[in-house]
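Structural overview
As a plain string of letters, each chain reads:
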Amino acid sequence: MKITFFGHSSLGIEVNGKHIVVDPFISGNPKASHIDIHSLKADFILLTHAHQDHILDVEAIAKRTNAIIVSNWEIATYYGNKGFQNHPMNHGGSWDFEFGKVKYVNAIHSSSFPDGTYGGNPGGFVIEGEHKNIYIAGDTALTMDMKLIPLRTKLDLAILPIGSNFTMDVEDAITAAEFVECDKVLGIHYDTFGYIEINHEEAIKKFFNSGKDLMLLEIGGFIEL
Ligand code: NI
Ligand code: MN
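In this report, we go over the structure that sits alongside the text. Keep in mind that what you see is a predicted model, and the values were worked out from it rather than measured. The residue numbering used here restarts from 1 in each chain and proceeds along that chain's sequence as written. For this description, chains carry letters from A and ligands carry numbers from 1, given in the order in which they are written. pLDDT decides what is reported in this predicted model: residues at 70 or higher carry local features, side-chain atom pairs at 80 or more are listed and counted, and totals for whole chains, interfaces and linings draw on all residues regardless. To obtain the side-chain values, all non-hydrogen atoms of the structure were used and water was disregarded.

**Regarding the coordination of the manganese ion (ligand 2)**
Tetrahedral coordination by four donors puts the ideal angle at the metal at 109.5 degrees, and octahedral coordination by six puts it at 90 or 180 degrees. For Na, K and Ca the donor cut-off is 3.2 Å, while for other metals it is 2.8 Å, and in both cases only N, O and S atoms qualify; water is not among them, so sites may look incomplete. All of the protein donors around the manganese ion (ligand 2) are Asp53 (OD), His54 (NE2), Asp139 (OD) and His189 (NE2); their distances to the metal are 2.1 to 2.2 Å. Mapping the donors of the manganese ion (ligand 2) onto the primary sequence yields the spacing D-H-x84-D-x49-H. Exposure remark for Asp53: the relative accessible area of 15% places this residue in the buried category. To sort residues, take the accessible area from a 1.4 Å probe on protein chains only and compare it with the maximum for the residue type: under 20% means buried, over 50% means exposed, and anything in between is partly exposed. Assessed through its relative accessible area of 2%, Asp139 is described here as buried.

**Here we look at the sheet that holds strand S3 (residues 18-22)**
A strand pair is defined by DSSP finding two or more bridges across the two strands. We count a stretch as a helix when DSSP gives it H or I for four or more residues in a row; a strand needs E for two or more, and each element gets its number in order from the N terminus. Pairing is mixed across the open sheet formed by seven strands, whose spatial order is S6-S5-S4-S3-S2-S1-S14. Single-partner strands in this sheet number two, and they are strand S6 (86-89) and strand S14 (222-224). When the angles between neighbouring strand axes are averaged without regard to direction, this sheet yields 20 degrees. Where strand S1 (residues 2-5) meets strand S2 (residues 11-15), four bridges bridge the pair, whose relative direction is antiparallel. Within S2, the residue paired with Lys2 across the bridge is Glu14. Structural elements are reduced to axes, namely lines fitted to C-alpha atoms, with helices fitted over the stretch in contact, and the angle between N-to-C directions of any two is expressed from 0 to 180 degrees.

**Considering the coordination of the nickel ion (ligand 1)**
Protein coordination of the nickel ion (ligand 1) is provided by His49 (NE2), His51 (ND1), His109 (NE2) and Asp139 (OD), with donor distances spanning 2.2 to 2.3 Å. Mapped onto the polypeptide sequence, the residues donating to the nickel ion (ligand 1) form the spacing pattern H-x1-H-x57-H-x29-D. A separation of 3.1 Å is found between the nickel ion (ligand 1) and the manganese ion (ligand 2), which are bridged by Asp139. Of this pair, His51 sits in the loop between strand S4 (44-46) and helix H1 (52-55) while Asp139 is found in the loop between strand S10 (132-136) and helix H4 (149-152), placing the two residues 88 residues apart along the sequence.

**A word on the packing of helix H5 (residues 170-179) against helix H6 (residues 200-209)**
Two elements in contact, H5 and H6, have axes separated by 10 Å at closest approach and are oriented at 35 degrees. Between H5 and H6 lies a crossing of right-handed hand. Across the interface between the two elements, Val170, Glu171, Ala173 and Ile174 from H5 touch Ala203, Lys206 and Phe207 from H6. Gly is put with the polar residues, along with every residue not named as nonpolar or charged; the nonpolar set is Ala, Val, Leu, Ile, Met, Phe, Trp, Tyr, Cys and Pro, and the charged set is Asp, Glu, Lys and Arg. Taken together, the residues of the contact of H5 with H6 break down into five nonpolar, no polar and two charged. Note: crossing handedness is left-handed where the near helix turns anticlockwise from the far helix by less than a right angle, and right-handed where it turns clockwise. Whether two residues are in contact is decided by their heavy atoms, any of which lying within 4.5 Å being enough.

**Some thoughts on the nonpolar core**
Counting residues in each nonpolar core, the largest one holds 53 residues, and the members touching the most others are Ile3, Ile13, Tyr135 and Leu160. Of the residues forming this core, the biggest block, six residues, is contributed by H5. Contact partners of Ile13, with chain neighbours within four places excluded, come to Met1, Lys2, Ile3, Lys18, His19, Ile20, Val22, Ile127, Ile134 and Ile136. Residues enter a nonpolar core if they are buried and are Ala, Val, Leu, Ile, Met, Phe, Trp, Tyr or Cys, with the set joined through side-chain atoms within 4.5 Å. Counting 22 residues, the second-largest nonpolar core is a separate cluster that includes Ile35, Ile37, Leu47 and Ile75.

**Observations concerning the sheet that holds strand S13 (residues 213-215)**
Overall, mixed pairing links the seven strands, which are arranged S7-S8-S9-S10-S11-S12-S13 in an open sheet. Of all strands in the sheet, those bounded by a partner on one side alone are strand S7 (94-97) and S13. Between one strand axis and the next, the sheet turns by 20 degrees as a mean value, whatever way the strands run. Here three bridges tie S10 to strand S11 (residues 157-161), and the two strands are oriented parallel to one another. Looking at the pairing, Ile136 lines up with Ile159 of S11.

**So, the pattern of salt bridges**
What counts as a salt bridge is simple: a side-chain nitrogen of Lys or Arg found within 4 Å of a carboxyl oxygen of Asp or Glu. According to the stated counting rule, one finds five salt bridges in the structure shown. Across the pair Glu98 and Lys18 runs a salt bridge whose closest N-O atoms are separated by 3.4 Å. Of this pair, Glu98 sits in the loop between S7 and strand S8 (100-106) while Lys18 sits in strand S3, placing them 80 residues apart in sequence. Linking Glu171 and Lys206 is a salt bridge whose minimum nitrogen-to-oxygen distance equals 2.6 Å. Of this pair, Glu171 sits in helix H5 while Lys206 sits in helix H6, and the two are 35 residues apart along the sequence. Judged by its relative accessible area of 32%, Lys206 falls in the partly exposed class. Through salt bridges that share partners, Glu178, Asp183 and Lys212 make up one connected network.

Here is the structure:
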């Protein structure tokens, strides 16, 4: 499983020969100007919630690639009504896709579309594929529900927001890593705008002092599991 960071909360995942794009907000992020949304490969687009900083490039990518949009019922239906392929899910549900198993799990946040359209309840994803398991928390507060994840899934990587203000901060993300029982964390949702700027060295040190490994990738950088 290869995971590429496209900035903010945007990710590319290659698993079992399929390309997944998660929460594409790239063309609106000046820090990601070297990532070209017109050449990204996508068989599936996974959306945690409907906020602009997670869906900005969905239509451009889906139009070109015909990717299947996977999200909660309201978001999937919103894109379905516009003619896009979609797979609706809801909290607690799982589906076996060609690339692996996806479970839509709880997040504490909000989820309206930029125009105010109801975007259902926000979520995260647990993805199991190629014998590796990852958790993408989406935008969320620290929540006790995270403790449910390791009851079913032994994680190899937790992808957690760390920028505070709109989501967990570094300290809460460390507790989240404990709740999901995963010491390997990829940080997302930081530095993109003023409200969520963080000190990288400090964040990495805090995780290290808790016996955990925080990875902060360059935009365009990747890790392989
Ligand atoms: Ni959000
Ligand atoms: Mn966000």
